[in-house]
Amino acid sequence: NAGVTQTPKFRILKIGQSMTLQCTQDMNHNYMYWYRQDPGMGLKLIYYSVGAGITDKGEVPNGYNVSRSTTEDFPLRLELAAPSQTSVYFCASSSGTANYGYTFGSGTRLTVV
Amino acid sequence: AQKVTQAQTEISVVEKEDVTLDCVYETRDTTYYLFWYKQPPSGELVFLIRRNSFDEQNEISGRYSWNFQKSTSSFNFTITASQVVDSAVYFCALSGSSADSWGKFQFGAGTQVVVTP
């Protein structure tokens, strides 16, 4: 009963480096999301997907890219990392109806130095 | 656009005191859904409750209770007889039913609750 699995849990990047945050869910959920959490700011939506092959921008998409080749996986790509991308990143999934809550992953703490 | 406001940044209480967290929301949708999540110091996000816009009944679950009032666009959360384990950040979230808001949560900034023995 894994739910939503995120890797890695922690990462330190140098400015200009790139990396991919992995997210996998085993609940056959159509909807998947990436949020970032900055201190005292709540969670902001980066990208979301309503199914395999379909993605769309959220509130703060700049500096990120996503893909959704399968129902299970929704990786988040950071190109040319910047200090402003230092944050905690959460992946989440849902069954796709607005009245159901999200299942969140445990988060990835990213520091860009 | 949807908006969730949690005006209280931090609340500190002594164990066994009650604590109420305020949540005020804005939405143009006639059907919407409200949620509370708990984020303990370990960092994970734990689902607490979901409430539909057409169901204004208050709810009690153990030491937790929720007061939903559409007239004031509020969905407040009370912890009765607080315990140290209640120390966490609590987030209120809103999900709408329109094309723009469907399936996407708007989170408040969160309220840090500190319970001391």
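Here goes a summary of the coordinates provided.

Cut-offs used in this document
Residues numbered from 1 in each chain as written. Chains lettered and ligands numbered in written order. Predicted model: local features only at pLDDT ≥ 70, side-chain atom pairs only at ≥ 80, totals over all residues. Heavy atoms only, no water. Helix = DSSP H or I, 4+ residues; strand = E, 2+ residues; numbered from the N terminus. Rg over C-alpha atoms; globule rule 2.2 N^0.38 Å. Areas by Shrake-Rupley, 256 points an atom, 1.4 Å probe, with all protein chains shown as cover. Lys, Arg positive; Asp, Glu negative; His and termini not counted. Charge placed at Lys NZ, Arg CZ, Asp CG, Glu CD. Contact = heavy atoms within 4.5 Å. Buried area = accessible area lost by both parts, 1.4 Å probe. Salt bridge = Lys/Arg side-chain N within 4 Å of Asp/Glu carboxyl O. Nonpolar A, V, L, I, M, F, W, Y, C, P; charged D, E, K, R; others polar. Buried < 20%, exposed > 50% of the residue type's maximum accessible area, 1.4 Å probe, protein only. Pairing = 2+ DSSP bridges. Phe/Tyr/Trp six-rings, centres within 6.5 Å; stacked < 30°, edge-to-face > 60°. Lys NZ or Arg CZ within 6 Å of the ring centre and 35° of its normal. Axes fitted to C-alpha atoms, helices over the stretch in contact; angles between N-to-C directions.

Considering the overall build of chain B
Then step 1. When helices and strands are tallied, chain B shows zero helices and 12 strands.
Then step 2. In chain B, the succession of helices and strands from N to C terminus is β-β-β-β-β-β-β-β-β-β-β-β.
Then step 3. Here the C-alpha radius of gyration of chain B, 14 Å, is about what a compact globule of 117 residues would show, namely 13 Å.
Then step 4. Overall size of chain B, expressed as C-alpha extent along the three principal axes, is 45 × 30 × 20 Å.
Then step 5. Element-wise, carbon and sulfur atoms account for 48% of the exposed surface of chain B, whose accessible area totals about 5,600 Å².
Then step 6. Computing the positive centroid from 9 side-chain charges and the negative centroid from 13, chain B places the two 5 Å apart.

Notes on the interface of chain A and chain B
Then step 1. Across the contact, 20 residues belong to chain A and 19 residues belong to chain B.
Then step 2. Overall, the association of chain A and chain B removes approximately 1,600 Å² of surface from exposure, summing both partners, and the carbon and sulfur fraction of that is 59%.
Then step 3. Between chain A and chain B we count zero salt bridges in total.
Then step 4. Those elements giving two or more residues to the side of chain A that touches chain B turn out to be β4 (31-37) and β5 (43-51) of chain A.
Then step 5. Looking at the side of chain A that touches chain B, its residues break down into 12 nonpolar, seven polar and one charged.

Re the environment of D100(B)
Residue and element names in this part refer to chain B.
Then step 1. Structurally, the position occupied by D100 is in the loop between β10 (88-96) and β11 (105-107).
Then step 2. Given the relative accessible area of 64%, D100 is considered exposed.
Then step 3. It is 8.4 Å that separates the C-alpha atoms of D100 and A1, two residues lying 99 residues apart in sequence.

Quick notes on the pairing of β4(A)
All names here are of chain A.
Then step 1. With seven of its seven residues buried, β4 lies for the most part within the structure.
Then step 2. Bridge analysis of β4 against strand β9 (residues 87-94) gives seven bridges, and the strand direction is antiparallel. Its bridge partner lying in β9, R36 is registered against Y89.
Then step 3. Judged from the six bridges that link them, β4 and β5 form a sheet pairing that is antiparallel. When the sheet's bridge partners are listed, R36 is paired in β5 with K44.
Then step 4. Two successive antiparallel strands, β4 and β5, enclose a turn made up of five residues, where G40 displays a positive phi of approximately 70°.

Observations concerning the packing of aromatic side chains
Then step 1. This model, assessed by the stated rule, comprises 26 aromatic pairs over all chains.
Then step 2. Each member of the aromatic cluster is reached from another via a ring pair, and the members are Y31(A), Y33(A), Y35(A), F90(A), Y102(A), F104(A), F35(B), Y37(B), F47(B), F91(B), F105(B) and F107(B).
Then step 3. Across from the ring centre of F74(A), 5.9 Å away, lies the NZ or CZ of R68(A), which sits over that ring.

Some details on the sheet that holds strand β1 (residues 4-7) of chain A
Residues and elements named next belong to chain A.
Then step 1. As summarised here, the arrangement of the four strands in space is β1-β3-β8-β7, forming an open sheet in which the pairing is antiparallel. Sheet topology places β1 and β7 (64-66) at the edges, where each strand pairs with a single neighbour. The average angle at which neighbouring strand axes cross in this sheet is 20°, direction not considered.
Then step 2. As paired elements, β1 and strand β3 (residues 19-25) share four bridges and run antiparallel to each other. Bridge pairing links T7 to Q22 in β3.

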